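Tertiary structure, described
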Amino acid sequence: LLLLLEATLLQLASGFYHPFYNGFYYNHIMNDKGNGQEEVVSFNGAKLVVETPKDPIYSSSGANVTLPCHYHYEPDLEAKRKIRIKWSKLRDDYTKEQDVLVAIGKTYLAFGDFRGRAHLHQTGRREASLVVSDVRLQDDGKYRCEVIDGLEDESDVVDLRLQGIVFPYQPPRGQYRLNFHEAEQVCQEQGAILATFNQLFQAWSEGLDWCNAGWLADGTVQYPIRQPRKPCGGLHLAPGIRSYGPRHRHLHRFDAFCFSSALKGEVFYLDRPAGMTLEEAKQSCQDAGAEIARVGQLYSAWKFLGLDRCDAGWLADGSIRYPIIKPRANCGPAEPGVRSFGFPSKGRFGVFCYKER
């Protein structure tokens, strides 16, 4: 029985079963199985309606989140069959879906990265809400809640957005040295992922202005401009997101725009009177029960925890940076931000450490 149920769920998830609704509600359909027998499937004439929130659901990395979904019938009636529910994660262009979870009655099966993290929340009548625990950066995006009752199939979409920050990243080798796959890797090494266009647009609307082009998660290369200027597309162009469009993921090289969410821990600063080398800095963080902070963690601490420190410190990638919330004399430009001194080959500085709560 268990194998049969799992096979049914897998069949539903794979799209082999394609229910449809063409605008009419038939009293019955005829199903000729080739044995001379006709099977009559009765319909009740009621319309199935699926509803999800129109506003985005916000969460952060490491949190638990519920994506609400409810269904009902017009006119109201009690379903006589077990309802099938399918949750999928959509791409921005809606061209491909990632299976998240399928369920028949109270039995469900989660897929891929959602195994052990996704389950249904069905405490209410006709509820099909999805609960995702230990939210990850990759979970950001749109989700489809699909409810199937016999041949009736209706769905609606929930938008899950992670509270986060987009930051540009160049490797120690310098500007425009990353192909797409290398850009993915360097973002992961800094506790982040490649940003989506929607995340970059949100960052631009909040003030991000950066003249160097960088990879995004969809394989396009873009950059945000608040103040038009000659080296950044020209003075004649309005503020906005400049786009180079899709680029060859192996051959073309640019910087990266990374996305990091709120932290589950804290970032703190350590120093010695004579400063530290990079290796000494790593050891000092370990001695404090922590690890040397990554670039994404410093940006997140700056934005979400209000970290303000006018002392330069090592980070895990070998760069020297410091975060400023309140600009002041001898602490860089007049705007808040994370200042960078690049990747010094030598020198002695303090260090930013990260510790899980």
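The structure contained in this document is the topic of the report that follows. (Residues numbered from 1 in each chain as written. Predicted model: local features only at pLDDT ≥ 70, side-chain atom pairs only at ≥ 80, totals over all residues. Heavy atoms only, no water.)

1. Remarks on the sheet that holds strand S12 (residues 141–149)
If you walk across this open sheet you meet the six strands as S4-S13-S12-S7-S8-S9, and the pairing is mixed. Looking at the sheet topology across the chains shown, the edges are occupied by strand S4 (57–59) and strand S9 (107–110). Shown here is a sheet whose adjacent strand axes are inclined to one another by a mean of 25°, direction ignored. Two elements, S4 and strand S13 (residues 152–162), share three bridges in a ladder whose sense is parallel. Pairing of Ser59 across the sheet is with Leu162, part of S13. (Pairing = 2+ DSSP bridges. Helix = DSSP H or I, 4+ residues; strand = E, 2+ residues; numbered from the N terminus. Axes fitted to C-alpha atoms, helices over the stretch in contact; angles between N-to-C directions.)

2. Describing the pattern of salt bridges
Following the criterion strictly, the structure yields 14 salt bridges and no others. The closest approach of N and O atoms between Asp76 and Arg126, which form a salt bridge, is 2.5 Å. Within this pair, whereas Asp76 is found in the loop between strand S6 (70–74) and strand S7 (84–90), its partner Arg126 is found in the loop between strand S10 (118–121) and strand S11 (129–132), the two being separated by 50 residues in sequence. On the accessibility criterion, Asp76 (54% relative accessible area) is exposed. For Arg126, a relative accessible area of 10% puts it in the buried group. Put simply, Arg161 and Asp159 hold a salt bridge, and the shortest N to O gap is 2.9 Å. Overall, Arg161 belongs to the partly exposed group, its relative accessible area being 34%. By relative accessible area, Asp159 is classed as buried at 15%. (Salt bridge = Lys/Arg side-chain N within 4 Å of Asp/Glu carboxyl O. Buried < 20%, exposed > 50% of the residue type's maximum accessible area, 1.4 Å probe, protein only.)

3. Focus: the state of the cysteines
This structure, assessed with the given rule, holds five disulfides. Two residues share a disulfide in this structure: Cys310 and Cys331, whose sulfurs sit 2.0 Å from each other. Here the S-S torsion is close to -115°, and the disulfide linking Cys310 with Cys331 is therefore left-handed. With Cys310 in the loop between helix H5 (295–304) and strand S22 (313–314) and Cys331 in the loop between strand S23 (320–324) and strand S24 (337–340), this residue pair connects regions lying 21 residues apart in the sequence. Looking at Cys331, the relative accessible area reads 3%, which means it is buried. Sequential numbering of the bridged cysteines in the protein chain gives the disulfide pattern 1-2, 3-6, 4-5, 7-10, 8-9. (Disulfide = S-S within 2.5 Å.)

4. Remarks on the pairing of S11
What you see with S11 is no split at all: Ser129 and Val131 on one side and Leu130 and Val132 on the other are buried throughout. As judged from the three bridges shared by strand S5 (residues 65–67) and S11, these two strands associate in the antiparallel manner. For Leu67, the partnering residue across the bridge sits in S11 and is Leu130.

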